[in-house]
Amino acid sequence: MPAVLITGAASGIGRAAALQFAQQGWDCLLVDISPAIAALPAHCLAQGAASAQAFALDLTDAQALAQLGRQLAELPALDALVNNAGISDSSGRPLAEQAPAQWQRLLRLNLQAPQALFDTCLPRLKPDARIVNVSSGAGHKAIPWRGLYSPSKAGLIAWSHSLAQRYPQLGVTTLCPGFVRTELVQGLMDAGRLALADAVAKIPLGRLAEPEEMAAALVFLAQPQARVLSGQVISVDGGSGIYGGSSRCALSTAVPAPLQTPLHLQLQAGSDAACDSAWLQALQAEGGAQATATPCQGLVSTQALAGGDLVEAVLNAGQQFAAAHARDASLLLLLPASAPQGVPAWQHQTALAAARMLVATLACEWATQGLRINALLLSPEQATGAAVAQLLPLVRFLTGARAQFVTGQSLDISGTKESHHG
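The structure presented is a predicted model; accordingly, all values stated were derived computationally and were not measured. Sequence order sets the numbering: in each chain, residues are counted from 1 along the sequence as written. Thresholds applied to this predicted model are a pLDDT of at least 70 for local features of residues and 80 or more for the giving and counting of side-chain atom pairs; totals over whole chains, interfaces and linings are not thresholded and use all residues. The side-chain figures draw on all heavy atoms in the structure; neither hydrogens nor water molecules are used.

**Student:** Summarise empty space enclosed by the protein; cite the residues concerned and give the values.
**Tutor:** Only protein atoms enter the 1 Å grid, on which a cavity is a set of points fitting a 1.4 Å probe that cannot get out and a pocket is an open set with protein on both sides within 12 Å along at least 5 of 7 lines, lining residues being those with an atom within 4 Å of a point. Grid points are joined across faces, edges and corners, and a volume is the space filled by probe spheres set on the points. Counted by the stated rule, this structure contains 1 cavity of 30 Å³ or more. Considered as a void within the structure, the largest cavity measures approximately 30 Å³ in volume. Lining the largest cavity, in full, are Thr7, Leu59, Asn83, Asn84, Ala85, Leu109, Ala113, Pro114 and Leu117. Elements are defined by DSSP. Helices are runs of H or I of four residues or more, strands are runs of E of two residues or more, and each kind is numbered from the N terminus. Looking at which element gives the most residues to the lining of the largest cavity, the answer is helix α4 (residues 100-121), with 4 residues. Looking at the lining of the largest cavity, its residues break down into 6 nonpolar, 3 polar and no charged. Throughout this entry, Asp, Glu, Lys and Arg are counted as charged residues, while Ala, Val, Leu, Ile, Met, Phe, Trp, Tyr, Cys and Pro are counted as nonpolar. The remaining residues, Gly among them, count as polar.

**Student:** Give me the lowdown on the nonpolar core, citing residues and values where you can.
**Tutor:** Only buried residues count toward a nonpolar core, which is a set of Ala, Val, Leu, Ile, Met, Phe, Trp, Tyr and Cys residues joined through side-chain atoms within 4.5 Å. Only protein chains enter the accessibility calculation, which uses a 1.4 Å probe; a residue whose area is less than 20% of its type maximum is buried, one above 50% is exposed, and one in between is partly exposed. Judged by nonpolar contacts, the single largest core of 71 residues is most densely connected at Phe21, Leu30, Trp279 and Leu376. If near-sequence neighbours (up to four positions away) are discounted, phenylalanine 21 is found in contact with Val4, Ile6, Trp26, Cys28, Val82, Leu218, Val219 and Ala222. We call two residues contacting when some pair of their heavy atoms lies within 4.5 Å.

**Student:** An account of the state of the cysteines is requested, with residue identities and associated values reported.
**Tutor:** Structurally, a disulfide amounts to a covalent bond that connects the sulfur atoms of two cysteines. We call a pair of cysteine sulfur atoms a disulfide whenever their separation is within 2.5 Å. Within the structure shown, the criterion is met by 0 disulfides. You can see cysteine 28 has no disulfide; the closest cysteine sulfur is in cysteine 44, sitting 4.7 Å from it. Lacking any disulfide linkage, cysteine 121 is separated from the closest cysteine sulfur, that of cysteine 28, by 15 Å. In this structure cysteine 121 comes out as buried when scored by relative accessible area, which is 0%.

**Student:** Requested: an account of the layout of surface pockets, with residues and values cited.
**Tutor:** Here the second largest pocket defines a volume of roughly 360 Å³. Forming the boundary of the second largest pocket are 21 residues, of which Pro256, Ala257, Asp328, Gly370 and Gln404 lie nearest the centre. Taken together, the elements giving at least two residues each to the lining of the second largest pocket come down to β9 (296-301) and β10 (329-336).

**Student:** Tell me about the packing of aromatic side chains, and please be specific about residues and values.
**Tutor:** By convention here, two paired aromatic rings are described through the distance between centres and the angle between planes. Classification of ring pairs rests on two measures: the distance between centres of Phe, Tyr or Trp rings, Trp counted by its six-membered ring, which must be within 6.5 Å, and the angle between planes, read as stacked under 30 degrees, edge-to-face over 60 and tilted in between. A full pass over the atoms with the stated rule returns 5 aromatic pairs. Between phenylalanine 21 and tryptophan 26 the ring centres are 4.9 Å apart and the planes differ by 70 degrees, which places this aromatic pair in the edge-to-face class. For the pair phenylalanine 21 and tryptophan 26, a shared accessibility class is recorded, and that class is buried. One aromatic cluster is present, formed by Phe118, Trp159 and Tyr167 through successive ring pairs. In this analysis the charged atom, NZ for Lys or CZ for Arg, is taken to sit over a ring once it is within 6 Å of the ring centre and within 35 degrees of the ring normal. A cation over an aromatic ring shows up here: arginine 146 above the ring of tyrosine 149, its NZ or CZ 4.3 Å from the ring centre.

**Student:** Give a detailed account of unusual backbone geometry, specifying residues and quantitative values.
**Tutor:** In this structure, tryptophan 145 takes a positive phi of about 70 degrees despite not being glycine. Here tryptophan 145 falls in the exposed class, since its relative accessible area comes to 54%. Backbone geometry at aspartate 328 places phi at a positive 55 degrees, although glycine is not the residue there. Among the structural elements, aspartate 328 can be located in the loop between α10 (310-324) and β10. Using a relative accessible area of 39% as the deciding quantity, one classes aspartate 328 as partly exposed.

**Student:** Could you give me a rundown of the sheet that holds strand β7 (residues 233-236), with the residues and numbers involved?
**Tutor:** Strand order in the open sheet formed by 7 strands is β3-β2-β1-β4-β5-β6-β7, with parallel pairing between adjacent strands. The sheet terminates laterally at β3 (51-56) and β7, the two strands that pair on one side only. Between one strand axis and the next, the sheet turns through 15 degrees on average, direction left out of account. The sheet contact formed by strand β2 (residues 27-32) and β3 spans 6 bridges and is parallel. Across the sheet, residue aspartate 27 finds its bridge partner in β3, namely serine 51. Only C-alpha atoms enter the line fits that serve as axes; for helices the fit covers just the stretch in contact. Angles between N-to-C directions range over 0 to 180 degrees. Set on the sheet, helix α2 (residues 40-47) makes contact with β2 and β3; between it and β3 the angle comes to about 165 degrees. Strand pairing requires that DSSP identify at least two bridges connecting the strands.

**Student:** Describe in detail the pattern of salt bridges, supporting the description with residues and values.
**Tutor:** Close approach of charged atoms allows side chains with opposite charge to pair. Salt bridge, as used here: a side-chain nitrogen of Lys or Arg that lies within 4 Å of a carboxyl oxygen of Asp or Glu. By the definition in use, this model includes 6 salt bridges. Between glutamate 213 and arginine 207 there is a salt bridge whose closest N-O contact spans 2.8 Å. Taking relative accessible area as the criterion, glutamate 213 reaches 4% and is therefore assigned buried. On the basis of relative accessibility, which here comes to 13%, the residue arginine 207 falls in the buried class. Residues arginine 327 and aspartate 328 are paired through a salt bridge, measuring 3.2 Å at the closest nitrogen-oxygen approach.

Shown next, in the form of structure tokens:
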């Protein structure tokens, strides 16, 4: 059975992830400073975990980490490491007025502890293990009055990228949650200290995420099929990271679909016969192109891979999708990461930047209808042939209910040098 080590597992996202890993039969190694972690293995075993063991320790304590390393040497090798533990600063004090003790622990736990834990676990990681680091949308935007929270999360994103380059055999990804209904956030709302409308004011999808949605992303990223995302940052934030409007987003009245809702996946074809044939065959091979209607509708569009005006192709695909689906559906666009033959690289990168921003803009406009749109940037080799089947797990995740808080994202999985220099 695969084995995962999860930090910050006693509550919130970490606990939800532990239970979902358990449901899939993983060996669960659970780490938290809270004594409450001792009760979690029993719950994981009840959910189907192959085994479960708790470690109550302070991740900023070098001696505790050394002891953990000795214990891991007697346990199964790790298929995945999930660095989820972290703290925020709710004091509201300006950084200029903070004493070293106030900010040092936050920096040690949020940024330095994941690095130290990785070094501790490295001898016990399988050659193709996956590392998932939980950062935050605050790692992309400065949030004042929260101490070094934003700087620590920005550093974690940068370290993840460096780790992916240093250890190409590993799959290293970063999850950036948005506003999640954890115990802390729910307690603030129950106490009247936080209004729901204020919390979702900059979330186009109009609601908070549930911890289970973050957990679903963590479980997917810890799977072998997520290796194609190595080096990527996955924002599961309801579109808050792409939203630049000045008006407040409206509260959504829609109820999120259960995470296990069946997906009906279809192909919205372009004009490249070879590409369309490869995708259609892959979908038919796994039953994804059946006509049976389900509550979760997903559409994969290859229109933008056919050449021509990239922005126009994205807009046409979006308009067709919006005309066919009133609400609660998802569109995944496939975009060419590199320039087609005869097109200058600078010209393609210009059009690609505009197309990616168009994806984000459509995501913000559609969100109140429960419509989502994301994009994958592919190399020519990934768009046809056997590589298509290898991408289907990622496609199904992004279009399905487990990623229904993901919208407006354009993920470059091409590995091409040109696409990284836009």
